[in-house]
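Okay, here's what each chain looks like letter by letter:
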Amino acid sequence: MAGQIELSDLELPQLQQVKQQLEEEFSHLTSSYGQLKQAQAKFADCLDSVDNLTPKNAVGSWIWSIDEFQRYKKHFASLTALNLYVPGQLADVDNVIVDIGTGYYVEKSTKDAIKFYKAKIEYVKGNVDKLQQAISGKQNNLRGEMGESLCIRSIGF
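Residues numbered from 1 in each chain as written. Predicted model: local features only at pLDDT ≥ 70, side-chain atom pairs only at ≥ 80, totals over all residues. Heavy atoms only, no water.

An unreviewed UniProt entry annotates the chain as Prefoldin of Jimgerdemannia flammicorona.

What follows is the structure, given as structure tokens:
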């Protein structure tokens, strides 16, 4: 196959450089995997929130006990990263505003929002699966042939 190099033809410094490059690629893939899993979890949270909208939780008191706050925390809007919340009421549980990415928001029916988030979750899941395969391949390269070649070269064979 054109473009392939036999590891047995490389000297120790070249093998170490190839190993370092594989480790960097592996680290990048692992980081990307974590980010995709976070995105998947956020979409799942959004789906859960939209899926749980009912007319009964559109109306409520503005005074909440700590227990009520913990139970209905989803109906509070987070204002800061320091967990500052304000109570909110939904005027319309049949339509929601959906963040479709890059700062754009659209109004969708709850039914369409649920479809949107399910599709996003499936899309991200597909990418996570592909990335997991790539990570496994890099991991096998690092442990398999690369490790054997480095071991043999460092011993002096």
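Still to come is the rest of the account.
Okay, the overall build of the chain next. Check the secondary structure of the chain and you find four helices and four strands. Ordering the α and β elements of the chain from the N terminus gives α-α-β-β-β-β-α-α. A burial count over the chain gives 21% of its 157 residues as buried. Considering only contacts within the chain whose residues lie at least 6 apart along the sequence, 61% involve residues at least 24 apart. Of the accessible surface of the chain, which amounts to about 11,600 Å², a share of 54% is contributed by carbon and sulfur atoms. (Helix = DSSP H or I, 4+ residues; strand = E, 2+ residues; numbered from the N terminus. Buried < 20%, exposed > 50% of the residue type's maximum accessible area, 1.4 Å probe, protein only. Contact = heavy atoms within 4.5 Å. Areas by Shrake-Rupley, 256 points an atom, 1.4 Å probe, with all protein chains shown as cover.)

Turning our eyes to something else, we now look at the packing of aromatic side chains. As enumerated under the stated definition, the model contains two aromatic pairs in all. Aromatic pair Phe116 and Tyr117: ring centres 5.3 Å apart, planes at 75°, arrangement edge-to-face. Considered together, Phe116 and Tyr117 belong to a single accessibility category, that of buried residues. One aromatic cluster in this structure is built from Phe43, Phe116 and Tyr117. (Phe/Tyr/Trp six-rings, centres within 6.5 Å; stacked < 30°, edge-to-face > 60°.)

Another point: the pairing of strand E3 (residues 95-101). Pairing geometry for E3 and strand E4 (residues 104-109), over six bridges, is antiparallel. Residue pairing for E4: Ile97 is matched across the bridge by Glu107. Two successive antiparallel strands, E3 and E4, enclose a turn made up of two residues, where Thr102 displays a positive phi of approximately 50°. (Pairing = 2+ DSSP bridges.)

Right, let's talk about the pattern of salt bridges for a bit. Across all of its chains, the model carries three salt bridges by this definition. With a shortest N-O distance of 2.5 Å, Lys138 and Glu25 are connected by a salt bridge. Within this pair, whereas Lys138 is found in helix H3 (residues 110-143), its partner Glu25 is found in helix H1 (residues 12-51), the two being separated by 113 residues in sequence. According to the relative accessible area criterion, Lys138 is partly exposed, its value standing at 22%. Residue Glu25 is classed as partly exposed on the basis of its relative accessible area, which comes to 28%. (Salt bridge = Lys/Arg side-chain N within 4 Å of Asp/Glu carboxyl O.)

What follows covers the packing of H1 against H3. One can describe the packing of H1 onto H3 by two numbers: an axis separation of 8 Å at closest approach and a directional angle of 160°. As summarised for this structure, H1 and H3 are arranged roughly antiparallel, according to the angle between their axes. For H1 against H3, the interelement crossing comes out left-handed. The residue makeup of the contact of H1 with H3, split by class, is 20 nonpolar, eight polar and nine charged. (Axes fitted to C-alpha atoms, helices over the stretch in contact; angles between N-to-C directions. Parallel < 35°, antiparallel > 145°, perpendicular 65-115°, else oblique. Left-handed = near helix turned anticlockwise from the far one by under 90°. Nonpolar A, V, L, I, M, F, W, Y, C, P; charged D, E, K, R; others polar.)

Quick look at the side chain of Gln40 now. Along the chain, the position of Gln40 falls in helix H1. The contact partners of Gln40, leaving out residues within four places of it in the chain, are Ile121, Val124, Lys125 and Val128.

Counting residues in hydrophobic clusters, the biggest one holds 14 residues, and the most contacted among them are Phe43, Leu47, Val50, Val96, Val98, Ala113 and Tyr117. When contributions to this core are tallied by element, the ones reaching two or more residues are H1, E3 and H3. With seven residues, the top contributor of residues to this core is H3. Discounting residues that sit within four places of it in the chain, Val50 has contacts with Thr110, Ala113, Ile114 and Tyr117. (Core = buried A, V, L, I, M, F, W, Y, C linked by side-chain atoms within 4.5 Å.)

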